[in-house]
Amino acid sequence: MDTIPMSDTSHRTATVGSVLTRPPAEPDVAERTPLPDPAERDIVFELAGVEVRYSGVTAIEDVNLKVAAREITAFIGPSGCGKTTVLRTLNRLHDITAGAQVRGTITYHGEDLYGPRVDVAEVRRRIGMVFQKPNPFPKSIHDNVAYGPRINGRKRGEIGDLVEEALRKAALFDEVKDKLKQSALGLSGGQQQRLCIARALAVEPDVILMDEPCSALDPIATARIEDLMQELKANYTLVIVTHNMQQAARASDRTAFFTAEIDDAGRRVGRLIEFDDTEQLFTQPSDSRTEGYITGRFG
Amino acid sequence: MSVVTAPAGGALLRSRPGAKGRKARNHAATALIVVAVLVALIPLVAVIGFVISRGGSVFGWQFLTQDIPVLDRDIGGGMLPAIVGTLIITGGAAAMAVPLGVLGAIYLNEYGQRRRLARVIRFLSEVMTGVPSIVMGLFIYVVWVLHFKNETAFAGSLALACLMLPIVIRTSEEILRLVPHELREGSYALGSRKVRTIRTVVLPHAAPGIVSGVLLAVARAAGETAPLLFTIGFVTSTNTSLFHGPTTALSYQIFHNATSPFVGAQDRAYGAALTLILLVFLFTALARLVTTIYTRRTSASSGA
Ligand SMILES: Nc1ncnc2c1ncn2[C@@H]1O[C@H](COP(=O)(O)OP(=O)(O)OP(=O)(O)O)[C@@H](O)[C@H]1O
Ligand SMILES: [Mg+2]
């Protein structure tokens, strides 16, 4: 796959300059050099003592982790352990979930993400998201991708190019270039998911959160998305949730392993068990539960 | 995979024992459903057939374009004043009740949710749906007609709007509730704000359902007689004004003429009934067309 030149990101540098003016790290997957300590890199997110409750019931608690810039951080763990729940704290999507409550502190480039003067719409423009289930709008393919740029007041003249570029990056353009005016609901599940990726890219965010982006895709499309992730890594920070252990091992730089356990009080609560360099976590996990999960003994 | 062993006689694909009973039950159930549908159709076909056979004799271009005879015993004449009246009264009612009702539903589902105010509104509209239409007419008679000392099309519109409002609110809210939450989340996740999300994602998705709901309310209102009895007055020539002077309506004319002892009047009642049915049918077809065009436009080309 040929690399597509990244869009002009200069308009973002005004506010997150330190992050984006640094030369991007070489995405060299084959020869993985030991990752720098997260503390030495730019930290995009820092979670401390994060707890999420749904209608008063704790779903996950005591999450402490740092997400470094221009890396791929993977969340793995058994179903229902709270991966999606943690991911949704990062773009404040719990704000619109009835009964959900987030506690603890989360900072984004050092700023309190849940601070009183934070504009939630701005948060979500900087931090894009691709959902577990493809959710294209019942509009045309073109309008789905154009939705974000239009909200952000991009000029009519620019939108056509932005849409094409985003569709190209999401490896969808060739398949849909002749039917941009047709409804997005006519696409296959995998195409819809790539459309949702394109839709998120078109906003030109700083971070992209992906909740099992490949669960509806065939191996070829999955490989394309993984290639795409490596390309995006040069300019974006990615956090992905995946059930596919090979994918986490292959594609990510750091991995967080979550699991849900019944505690003394009989509550089933999710916890972050281990967070480390992907290589370290998969070859020498420090926790027996991690080892059990990655070797397939449970979960 | 299990190994398929051929039963004696080489009949792999024949029914298994017991299947006969199931098949018979299936046939019986299907027959029952067909019969039920036919029985349900009887009153519908009978009503329409009866109205066409009785009203068809007077119905025609003259009937649609002439004034109502001043004397009930006269034969012939038309229903133009009543048609115009029904259109104006129902149109006025829809112009008031539909925007208010849809906005109310948007408040209830998108903003109010389980807040106290929303619960109160929801409860009141539920109660209002059950209020007999004649009570609405009485209400407008007391607070409007008696107050301003005149009967107008607008007074009738007010009474019909009271009737339509709760129906529009409740059906629209149900439809809005059916819009998948993932779509809203998708919009918010792109940095869209609430009003924009409602306008560009929620409403286009809900539009066909809302239009059908609104249509039901309009059709129901167009056929109402009781709220008009003491609000619009009576005329035999066309009054095109919404605010000035009394008017008349098809439903009112059906009531008035059918209760008359004269054959000419009774024929006009059936003619008016046929006209009303055709009018409601026309509304429905028109709204369906509008919905189709609207959804095709928002789901295909331009949108946000
Ligand atoms: N909207 C909600 N309301 C109530 N409980 C919820 C809600 N969303 C998630 N939960 C609960 O929170 C826990 C964690 O759910 P979450 O969706 O984060 O799991 P997950 O790790 O993403 O699982 P999966 O791999 O199956 O997607 C589960 O026990 C789930 O039942
Ligand atoms: Mg999940």
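Please refer to the structure placed before this passage.
A few points on the structure. Since the structure is predicted, the reported quantities are computational estimates derived from the model, not experimental observations.

## Section: the coordination of the magnesium ion (ligand 2)
Working step 1: The coordination sphere of the magnesium ion (ligand 2), as far as protein atoms go, consists of Thr84 of chain A (OG1) and Gln132 of chain A (OE1), spread over 1.9 to 2.6 Å. Separated by 48 residues along the polypeptide, Thr84 of chain A in helix H2 (residues 83-89) and Gln132 of chain A in the loop between strand E6 (127-130) and helix H4 (141-151) bring together distant segments of the chain.

## Observations concerning helix H4 (residues 116-130) of chain B
Each full turn of the α-helix corresponds to 3.6 residues, which orients residues three or four apart in the same direction.
Working step 1: Over its 15 residues, H4 of chain B runs 22 Å from end to end, which matches the ideal 21 Å to within 8%, given 1.5 Å per residue.
Working step 2: As for H4 of chain B, its buried residues are in contact with helix H3 (80-112) and helix H6 (153-177) of chain B.

## Notes on the side chain of Glu274 of chain A
All names here are of chain A.
Working step 1: Within the secondary structure, Glu274 sits in strand E10 (residues 268-277).
Working step 2: No salt bridge is formed by the buried Glu274; its nearest oppositely charged neighbour, Arg289, is found at 8.0 Å.
Working step 3: Only 3.1 Å separates the side chain of Glu274 from the backbone nitrogen of Asp287, close enough to count as a polar contact.
Working step 4: At 2.7 Å, the side chain of Glu274 forms a polar contact with the side chain of Thr290.
Working step 5: Every residue in contact with Glu274, bar those within four places of it in the chain, is listed here: Thr255, Ala256, Phe257, Leu281, Pro285, Ser286, Asp287 and Thr290.

## Some remarks on the packing of aromatic side chains
Working step 1: A full pass over the atoms with the stated rule returns eleven aromatic pairs over all chains.
Working step 2: Arranged with centres 5.0 Å apart and planes meeting at 35 degrees, the rings of Phe257 of chain A and Tyr293 of chain A form a pair that is tilted. Taken together, the residues span a long stretch of sequence, with Phe257 of chain A in strand E9 (residues 254-262) and Tyr293 of chain A in helix H11 (residues 288-294) at a distance of 36 residues. We note that Phe257 of chain A, like Tyr293 of chain A, is buried.
Working step 3: Ring centres of Phe154 of chain B and Phe243 of chain B lie 4.9 Å apart, and the angle between their planes is 40 degrees; this geometry places the pair in the tilted category. Of this pair, Phe154 of chain B sits in helix H6 while Phe243 of chain B sits in the loop between helix H9 (226-229) and helix H10 (250-258), placing them 89 residues apart in sequence.
Working step 4: Taking the relative accessible area as the measure of exposure, Phe243 of chain B reaches 49% and is therefore partly exposed.
Working step 5: Among the aromatic residues, those joined into a ring-pair cluster are Trp144, Phe148, Phe154 and Phe243 of chain B.
Working step 6: The ring of Phe137 of chain A has Arg199 of chain A sitting right over it, with the charged end atom 4.3 Å from the ring centre.
Working step 7: Above the plane of the ring of Tyr111 of chain B lies Lys194 of chain B, whose end atom (NZ or CZ) is 4.6 Å from the centre.

## Focus on the site of ligand 1
All names here are of chain A.
Working step 1: Residues in contact with ligand 1 amount to 14 residues; listed here are only the nearest, Ser79, Lys83, Thr84, Thr85 and His243.
Working step 2: Between ligand 1 and the protein, one listed contact pairs an oxygen atom with a side-chain N or O atom of Thr84 at 2.5 Å.
Working step 3: Between Gln132 and ligand 1, the recorded distance is 3.0 Å, taken from a side-chain N or O atom to an oxygen atom.
Working step 4: Here ligand 1 loses 62% of its free accessible area of 630 Å² to cover by the protein chains.
Working step 5: The element contributing the most residues to the shell around ligand 1 is H2, with three residues.
Working step 6: Of the residues assigned to the shell around ligand 1, the class counts are three nonpolar, eight polar and three charged.

## Focus on the environment of Arg126 of chain A
Residue and element names in this part refer to chain A.
Working step 1: Of note, Arg126 is situated in helix H3 (residues 120-126).
Working step 2: Assessed through its relative accessible area of 18%, Arg126 is described here as buried.
Working step 3: The sequence separation of Arg126 and Val203 amounts to 77 residues, and the corresponding C-alpha distance is 8.1 Å.

Cut-offs used in this document
- Residues numbered from 1 in each chain as written.
- Chains lettered and ligands numbered in written order.
- Predicted model: local features only at pLDDT ≥ 70, side-chain atom pairs only at ≥ 80, totals over all residues.
- Heavy atoms only, no water.
- Donors = N, O, S within 2.8 Å, 3.2 Å for Na, K, Ca; no water.
- Helix = DSSP H or I, 4+ residues; strand = E, 2+ residues; numbered from the N terminus.
- Expected span 1.5 Å × (residues − 1).
- Contact = heavy atoms within 4.5 Å.
- Buried < 20%, exposed > 50% of the residue type's maximum accessible area, 1.4 Å probe, protein only.
- Lys, Arg positive; Asp, Glu negative; His and termini not counted.
- Salt bridge = Lys/Arg side-chain N within 4 Å of Asp/Glu carboxyl O.
- Polar contact = N/O pair within 3.5 Å; in protein donor to acceptor, adjacent residues only side chain to side chain.
- Phe/Tyr/Trp six-rings, centres within 6.5 Å; stacked < 30°, edge-to-face > 60°.
- Lys NZ or Arg CZ within 6 Å of the ring centre and 35° of its normal.
- Near = heavy atom within 4 Å.
- Areas by Shrake-Rupley, 256 points an atom, 1.4 Å probe, with all protein chains shown as cover.
- Nonpolar A, V, L, I, M, F, W, Y, C, P; charged D, E, K, R; others polar.

As far as function goes, none of this settles anything; it's purely spatial.
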